[in-house]
Amino acid sequence: MLKTFIVGILLGLAGAAAVYLTQEPLYESKSKLLVRYVLDRSAVYPFENQLGTAGRGGEAVMNTEMEILTSRDLAVDVAEVIGADRLLPDVGEPVTAVEASGMVVKGLTVNAGRGSNVLHVSFASGEPELARDVLRELVTAYFDRHLDIHQLRGRHHPSAKLERGAERAGFE
């Protein structure tokens, strides 16, 4: 009985030591983002009145912001800045930002507390500098995208879309 107990303890310690020695350390960078509000633009853009008010509550706003943070196109933007080769150094062949964006999405965690207007964002990586740099760039890209979407500036503004369409059609 005592022998079995001691053997069990030794096997448990050996297993724990094996996991500890073979497991790559994981570094995590964390950030909290305050989502203050999203302006109602229906007075400026009448087409939004036709959409109704469904989904305009706090939970819907937080879900929208979480979708922006976890979107593939935001991850691609981050991968372009950080560098695909830095995100996927062991591949051996050239990788694109689209391929490397999978690592951004994989290491990303976004949560919102119920009834809270704070988003908890973290990025985990085996390299501490990479975890820090990816999260910093993700937050920066998120704020830019947030403004593009909610304040209709930049490439998401209707006039910008018309200008791009006119350029493609050959107009000045």
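The structure this text deals with has already been given above.
Residues numbered from 1 in each chain as written. Predicted model: local features only at pLDDT ≥ 70, side-chain atom pairs only at ≥ 80, totals over all residues. Heavy atoms only, no water.

1. Thoughts on the overall build of the chain
- Check the secondary structure of the chain and you find seven helices and three strands.
- In the chain, the succession of α and β elements from N to C terminus is α-β-α-α-α-α-β-β-α-α.
- With 172 residues in all, the chain has 31% of them scored as buried.
- At a minimum sequence separation of 6, the contacts of the chain that also span at least 24 residues come to 65%.
- As presented, the chain carries roughly 11800 Å² of accessible surface, and 58% of it is formed by carbon and sulfur atoms. (Helix = DSSP H or I, 4+ residues; strand = E, 2+ residues; numbered from the N terminus. Buried < 20%, exposed > 50% of the residue type's maximum accessible area, 1.4 Å probe, protein only. Contact = heavy atoms within 4.5 Å. Areas by Shrake-Rupley, 256 points an atom, 1.4 Å probe, with all protein chains shown as cover.)

2. Considering a nonpolar patch on the surface
- Where nonpolar side chains cluster on the molecular surface, the patch consists of Leu2, Phe5, Ile6, Ile9, Leu10 and Leu13 and spans about 620 Å² of accessible area.
- Note on placement: Phe5 falls in helix H1 (residues 2-22). (Patch = residues over 30% accessible without salt bridge, like charges linked within 9 Å, V, L, I, M, F, W, Y side chains within 5 Å. Salt bridge = Lys/Arg side-chain N within 4 Å of Asp/Glu carboxyl O.)

3. Description of helix H5 (residues 97-107)
- Listed as buried for H5 are Ala97, Ala100, Ser101, Val104 and Gly107. Here the buried residues of H5 occupy an arc of 125° about the axis, which is enough to place them on one side. Facing away from the buried side of H5 by more than 90 degrees, the exposed set consists of Val98 and Lys106. (Arc of directions from axis to C-beta.)

4. Some words on helix H3 (residues 72-82)
- Looking only at H3, the buried set comprises Leu74, Ala75, Val76, Val78, Ala79 and Ile82.
- On its buried face, H3 sits against helix H2 (58-69), helix H4 (84-87), H5 and helix H6 (128-150).
- Remark: Gly83 follows H3 within two positions and exhibits a positive phi of approximately 110°.

5. Details of the packing of H3 against H5
- Packing of H3 against H5 leaves a shortest axis separation of 8 Å and a crossing angle of 110°. In terms of orientation, H3 lies roughly perpendicular with respect to H5. For the pair H3 and H5, contact is made by Arg72, Ala75, Val76, Val78, Ala79 and Glu80 and by Ala97, Val98, Ala100, Ser101, Gly102, Val104 and Val105, respectively.
- Broken down by class, the residue content of the contact of H3 with H5 amounts to nine nonpolar, two polar and two charged. (Axes fitted to C-alpha atoms, helices over the stretch in contact; angles between N-to-C directions. Parallel < 35°, antiparallel > 145°, perpendicular 65-115°, else oblique. Nonpolar A, V, L, I, M, F, W, Y, C, P; charged D, E, K, R; others polar.)

6. A short note on the sheet that holds strand S2 (residues 108-112)
- The three strands lie next to each other as S1-S3-S2, forming an open sheet whose pairing is antiparallel. Both outer strands of the open sheet, strand S1 (27-34) and S2, are each paired with one neighbouring strand and no more. Here the average twist between neighbouring strands, direction ignored, is 20°.
- Pairing of S1 with strand S3 (residues 118-125) involves eight bridges; the strand directions are antiparallel. Residue pairing for S3: Leu33 is matched across the bridge by Leu119.
- Packing against the sheet, H6 makes contact with S1, S2 and S3, and its axis sits at approximately 20° to S1. (Pairing = 2+ DSSP bridges.)

7. Brief notes about the environment of Val110
- Relative to the assigned elements, Val110 resides in strand S2.
- Excluding anything up to four places from it in sequence, Val110 contacts Met66, Leu69, Thr70, Leu119, His120 and Val121.

8. Concerning the packing of aromatic side chains
- Tallying each qualifying case throughout the model produces one aromatic pair.
- Considering the side-chain rings of Tyr142 and Phe143, the 5.4 Å spacing of their centres and the 50° angle between planes classify their relative orientation as tilted.
- The buried category is assigned to Tyr142, whose relative accessible area is 2%. (Phe/Tyr/Trp six-rings, centres within 6.5 Å; stacked < 30°, edge-to-face > 60°.)

9. So, the nonpolar core
- Among the nonpolar cores identified, the biggest contains 33 residues, and Leu69, Leu87, Leu119, Val121, Val134, Leu138 and Tyr142 are the most heavily contacted of them.
- If one sorts the elements of this core by residue count, H6 sits on top with eight residues.
- In this structure Tyr142 touches Leu33, Val35, Glu65, Ile68, Leu69, Leu74 and Leu119, once residues within four positions along its chain are discounted. (Core = buried A, V, L, I, M, F, W, Y, C linked by side-chain atoms within 4.5 Å.)

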